[in-house]
Amino acid sequence: MTPHLYAVDSEILRAFIEESLEKIGAVQGGLQDKERFAMASGEIVRTVRNIKGNAAFFNLMKVQALAHALVERLTMESASGTLAVEALRAETDRTLKLLIAMLESLRDGGPEVVEEAAYFSLLEELRAGREAEEGARVVWTRIESDLQLLLDAAARVVQVTARLHPETGDEAAVRSAKLAASVDIHALAEISTRIVRM
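Presented here is an overview of the structure given in this document. Nothing here was measured: the structure is a model prediction, and the numbers come from that model. Numbers given to residues run from 1 along each chain, matching the order in which its sequence is written. In view of the model being predicted, local features appear only for residues whose pLDDT reaches at least 70, and side-chain atom pairs are presented and counted only at 80 or more, with totals across whole chains, interfaces and linings using the full set of residues. The basis for every side-chain value is the complete set of heavy atoms in the structure, and neither hydrogens nor water enter the calculation.

1. Details of the packing of aromatic side chains
- Note on ring pairs: Phe, Tyr and Trp rings are taken, using the six-membered ring of Trp, and paired if centres are within 6.5 Å. Classes follow the plane angle, with under 30 degrees stacked, over 60 edge-to-face and the rest tilted. Counted under the stated rule, the structure contains three aromatic pairs.
- Ring plane angle 75° and centroid distance 4.9 Å describe the contact between Tyr119 and Phe120, whose orientation is recorded as edge-to-face.
- Whether a residue is buried, partly exposed or exposed follows from its accessible area with a 1.4 Å probe, protein chains only, as a fraction of its type maximum: under 20%, in between, or over 50%, in that order. Owing to a relative accessible area of 40%, Phe120 belongs among the partly exposed residues under this scheme.
- Three or more aromatic residues joined by ring pairs make a cluster, and in this case those are Phe16, Phe57 and Phe58.

2. Section: the pattern of salt bridges
- For salt bridges, the criterion is a side-chain nitrogen of Lys or Arg within 4 Å of an Asp or Glu carboxyl oxygen. Tallied over the entire structure, the rule returns nine salt bridges.
- Arg107 is paired through a salt bridge with Glu18; the nearest N and O atoms lie 3.8 Å apart. One end of the pair, Arg107, is in helix H4 (residues 85-107); the other, Glu18, is in helix H1 (residues 10-28), with 89 residues separating them in the sequence.
- Between Arg107 and Asp108 there is a salt bridge; the shortest N-O distance is 3.3 Å. The numbering of helices and of strands both runs from the N terminus, where a helix is a DSSP run of H or I of at least 4 residues and a strand a run of E of at least 2.

3. Structural notes on unusual backbone geometry
- In the Ramachandran plot, Asn59 falls in the positive-phi region, its phi being about 65° despite a non-glycine side chain.
- With respect to the helices and strands, the residue Asn59 is situated in the loop between helix H2 (34-57) and helix H3 (61-80).

4. Section: H4
- To estimate the expected span of a helix, count its residues, drop one, and scale the result by 1.5 Å. With 23 residues, H4 should reach 33 Å at 1.5 Å per residue; the first-to-last C-alpha distance of 32 Å fits that figure.
- Looking at the residues trailing H4, positive phi occurs at Gly109, about 85°.

5. Things to note about the nonpolar core
- Of all hydrophobic cores here, the largest spans 37 residues; its most connected members are Phe16 and Leu66.
- Those elements giving two or more residues to this core turn out to be H1, H2, H3, H4 and helix H5 (116-163). Buried residues of nine kinds, namely Ala, Val, Leu, Ile, Met, Phe, Trp, Tyr and Cys, make up a nonpolar core once their side-chain atoms join them within 4.5 Å.

Structure follows, in structure tokens:
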């Protein structure tokens, strides 16, 4: 167990571990299939967030870090809804199983983390998934913005081409309309290229 700066009552710590194991066990049923996972993800977040806060109180910083990474991952996913549910369900299942193993090790007097490599690998996977999700959200926001610019430029081209009708008779207006249309058509091409490159 991690050394403490202050004394922690072993009975309180044991109660926290037992309660956490019980709560994780209760939410694991929500991992059986996609539909249950979608319905249970909010309860999983609440359970793991509770464990995260209490783990910090008991100076179980590795439990806290893993719980935090899972909460961030699930919270980000529920906000965006873009990740394949099956992949997120699998990440959540692995994380909960590792949290159980960590808590059981502590309960039995062992170290907070038995397999450091597995712990850090999963922690990095959760963090990388969160960062990828944030990156996807930034790209999508940019695409939405560029699409709006594209629609606006296309609307201006339609308006300008209406002024190019041969019956207008105003050569200065026609030249101005042609110039405006060429600028907007160039903008359309530039924005389209930028969207394709994303």
